[in-house]
Amino acid sequence: VQLQASGGGLVQAGGSLRLSCAASGRTFSSYAMGWFRQAPGKEREFVAAISWSGGSTYYADSVKGRFTISRDNAKNTVYLQMNSLKPEDAAVYYCAASKRVITRIPGEYDYWGQGTQVTVSS
């Protein structure tokens, strides 16, 4: 599975962005998908995850109520809608695919995209 993240950019605090992650291959619908982020000088952290069917989702406490993960298996794409953005949300965002049902743990993801930069101005 190859993953291509897009949709990052510069936004003012309080604004919104929608990230997309397009996957290659015909087995996309069998993978759980996740979004992670990494700010300069910090470790990569979990943001959100969604099961293969879309029926289960997980969120980091820091984004709960502001971010929404979704997927369209017909388009082999997972999305991260980010609302009410804060300066502390600025980071490189990565999408990843896991053979597990759903997980928050980076080590349980099998494939990673290249990342897309999100910058939030205060």
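Conventions adopted
Sequence order sets the numbering: in each chain, residues are counted from 1 along the sequence as written. Since the coordinates come from a predicted model, pLDDT governs what is reported: local features require at least 70, and pairs of side-chain atoms require 80 or more to be given and counted, while whole-chain, interface and lining totals use all residues. Excluded from the side-chain calculations are hydrogens and water; all other atoms, namely the structure's heavy atoms, are used. Each pair of strands is called paired provided DSSP finds at least two bridges between the two strands. In this description a helix means any DSSP run of H or I spanning at least four residues, a strand means any run of E spanning at least two, and both kinds are numbered starting from the N terminus. Fitted lines through C-alpha atoms give the axes, limited to the stretch in contact for helices. The angle between two N-to-C directions lies from 0 to 180 degrees. In summary, the pairing rule links any two rings of Phe, Tyr or Trp, Trp by its six-membered ring, whose centres are within 6.5 Å, and it sorts them by plane angle into stacked for under 30 degrees, edge-to-face for over 60 and tilted for everything else. Summary of the burial criterion: residues with accessible area below 20% of their type's maximum are buried, those above 50% are exposed, and those between are partly exposed, where the area comes from a 1.4 Å probe applied to protein chains only. Placement of a charge over a ring requires the Lys NZ or Arg CZ to be within 6 Å of the ring centre, with the centre-to-atom vector within 35 degrees of the ring normal. Here, a salt bridge means any side-chain nitrogen of Lys or Arg that lies within 4 Å of a carboxyl oxygen of Asp or Glu.

Asks: Explanation requested: the sheet that holds strand β7 (residues 67-72) in the structure shown.
Replies: The strands making up a sheet associate through hydrogen bonds between their backbones, and the pairing can be parallel or antiparallel. On the basis of which strands lie adjacent, the open sheet formed by 4 strands has the order β1-β3-β8-β7 and antiparallel pairing. Looking at the sheet topology across the chains shown, the edges are occupied by β1 (3-6) and β7. Going from strand to strand, the sheet's axes swing by 15° on average, the running direction of each strand aside. Here β1 pairs with strand β3 (residues 17-23) via 4 bridges, running antiparallel.

Asks: Just to check I follow, could you spell out the packing of aromatic side chains for this structure?
Replies: Given two aromatic rings, their pairing is described by the distance between the two centres and the angle made by the two planes. Overall, the coordinates contain 5 aromatic pairs when judged by the stated rule. Ring centres 5.0 Å apart and planes at 50° place the aromatic pair Phe-36 and Trp-112 in the tilted group. Taken together, the residues span a long stretch of sequence, with Phe-36 in strand β4 (residues 32-38) and Trp-112 in strand β10 (residues 111-112) at a distance of 76 residues. You can call Phe-36 buried: its relative accessible area is 0%. Linked through ring pairs, Phe-36, Phe-46, Tyr-109 and Trp-112 together constitute an aromatic cluster. The aromatic ring of Tyr-94 is capped on one face by Arg-44, whose charged end is 3.9 Å from the ring centroid. Over the face of the ring belonging to Trp-112 we find Arg-44, whose NZ or CZ atom lies 4.7 Å from the ring centre.

Asks: What exactly am I supposed to notice about the pattern of salt bridges here?
Replies: Opposite charge on two side chains allows them to pair when their charged atoms are near. Following the criterion strictly, the structure yields 5 salt bridges and no others. A salt bridge links Arg-37 to Asp-89, with the shortest nitrogen-to-oxygen separation between them at 2.9 Å. Note that Arg-37 is positioned in strand β4 and Asp-89 in the loop between β8 (77-82) and β9 (91-98), a separation of 52 residues in sequence. In this structure, Arg-37 and Asp-89 share a single accessibility class: buried. Of the charged contacts in the structure, one is a salt bridge between Arg-66 and Asp-89, with a shortest N-O distance of 2.7 Å.

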